[in-house]
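Observations on the model geometry
Here is what each chain is made of, one letter per residue.
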Amino acid sequence: LAGPIRDISWDFESKRLCLVGEGSKTDASSLCAKVIQWDTGVSCGELAQHTRTKASSCAFKPNRPMRIATGGADDSRVLFNKGPPFARVVGDQAVAEHEHSRGSVFCVRYSRDGTKLVSVGTDKSVVFYDGKTMALLHKMTDVHTHSIYMCDWNSDGTRVVTSSADGTVKLMVVEARKASDGHLQFVCATRSDRDLVLHWATQSEPAGEWTAPPHGWRSEPANSWGTGGASWETEMEPVAGAPGWAA
């Protein structure tokens, strides 16, 4: 790259290296993301490039089929590549490139089993994707009060930790599963210094709008509300003496 390197990621075979950063400020055709053979430096394809040749983060899917996700430093996008040889995944309506509303995507990270991808950025959102297709699983808005700089998964892919410019670190409990009727269900709970909020939803198709529970189901307590198609939320009340999160 012509400018600074901002992030690197190895493939699970330790044969290929993805690197992202800044291209030339005077040459619009210069690269901000590339993937190479570690021993020869030979390119392994052509990764999708971000606006103004600036990228801030990258992540290799840790198993086959191989995928690479990159986060833009200026264009608010997460771009998706498959290979080798690697090339941008285009023409697929399931690929959710534009879930962040503004600014930078500071960090993208795969879960250890490769089934889920998470991204965070300037807009204070935490976005979860399907690791193979990059279809939207869930979006949590205003998780922090300022930009979110970093995120990562625990070893079994059930928790995500985020760190923010607001001076806080938050731990989220994450679960994604498919019900017997084919509906995709996703649950994410996070504790802040003020409250505990459960984010939950059901979805009938990849990248579809999150909806309330089907007929016959309800939430307890009943103080739940929609968040513009991104999820439904329920405020939780601490229970004295209960295990887990302290009140």
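Calculation notes
- Residues numbered from 1 in each chain as written.
- Predicted model: local features only at pLDDT ≥ 70, side-chain atom pairs only at ≥ 80, totals over all residues.
- Heavy atoms only, no water.
- Salt bridge = Lys/Arg side-chain N within 4 Å of Asp/Glu carboxyl O.
- Helix = DSSP H or I, 4+ residues; strand = E, 2+ residues; numbered from the N terminus.
- Buried < 20%, exposed > 50% of the residue type's maximum accessible area, 1.4 Å probe, protein only.
- Contact = heavy atoms within 4.5 Å.
- Phe/Tyr/Trp six-rings, centres within 6.5 Å; stacked < 30°, edge-to-face > 60°.
- Pairing = 2+ DSSP bridges.
- Axes fitted to C-alpha atoms, helices over the stretch in contact; angles between N-to-C directions.

On to the pattern of salt bridges, then. Scanning the entire structure with this criterion turns up ten salt bridges. Notably, a salt bridge pairs Asp-7 with Arg-109, separated by 3.3 Å at the nearest N-O pair. Here Asp-7, found in strand β1 (residues 5-10), pairs with Arg-109, found in strand β8 (residues 105-110); they are 102 residues apart in sequence, far enough to count as distant. Each member of the pair Asp-7 and Arg-109 is classed as buried. For Asp-74, the salt bridge is made with Lys-54, and the minimal N-O distance between the two is 3.9 Å.

For the rest of this paragraph, the subject is the environment of Ala-2. Structurally, Ala-2 is set in the segment before β1. With a relative accessible area of 59%, Ala-2 lands in the exposed category. Considered as a pair, Ala-2 and Cys-32 are 30 residues apart in the sequence and their alpha carbons are 8.2 Å apart. Setting aside anything within four residues of it in sequence, one finds Ala-2 in contact with Glu-22, Gly-23 and Ser-24.

This brings us to the packing of aromatic side chains. Inspection of the entire model under this criterion finds three aromatic pairs. Ring geometry for Phe-106 and Tyr-149: centres 4.9 Å apart, planes at 75 degrees, overall edge-to-face. Highlighted residues: Phe-106 in strand β8 and Tyr-149 in strand β12 (residues 148-153), separated in sequence by 43 residues. Residue classification places Phe-106 among the partly exposed positions, given a relative accessible area of 26%.

For the rest of this paragraph, the subject is the sheet that holds strand β10 (residues 126-130). The strands making up a sheet are joined through hydrogen bonds of the backbone, oriented either antiparallel or parallel. The antiparallel open sheet is built from four strands, whose spatial order is β8-β9-β10-β11. A strand with exactly one partner marks an edge of an open sheet, and here the two such strands are β8 and β11 (136-140). Averaged over all pairs of adjacent strands, the angle between their axes in this sheet comes to 15 degrees, without regard to strand direction. Both β10 and β11 contribute to a ladder of four bridges, which runs antiparallel. The residue of β11 that forms the bridge with Val-126 is Met-140.

Our next topic: the sheet that holds strand β5 (residues 67-72). Taken in spatial order, the four strands of this open sheet run β4-β5-β6-β7, and their pairing is antiparallel. Each edge of the sheet is formed by a strand with only one pairing partner; in this case those strands are β4 (55-60) and β7 (87-88). Bridge count for strand β6 (residues 78-82) against β7 is two bridges, and the pairing is antiparallel. Across the sheet, the residue bridging to Asn-81 is Arg-88, located in β7.

Geometric values such as these leave the question of function open.
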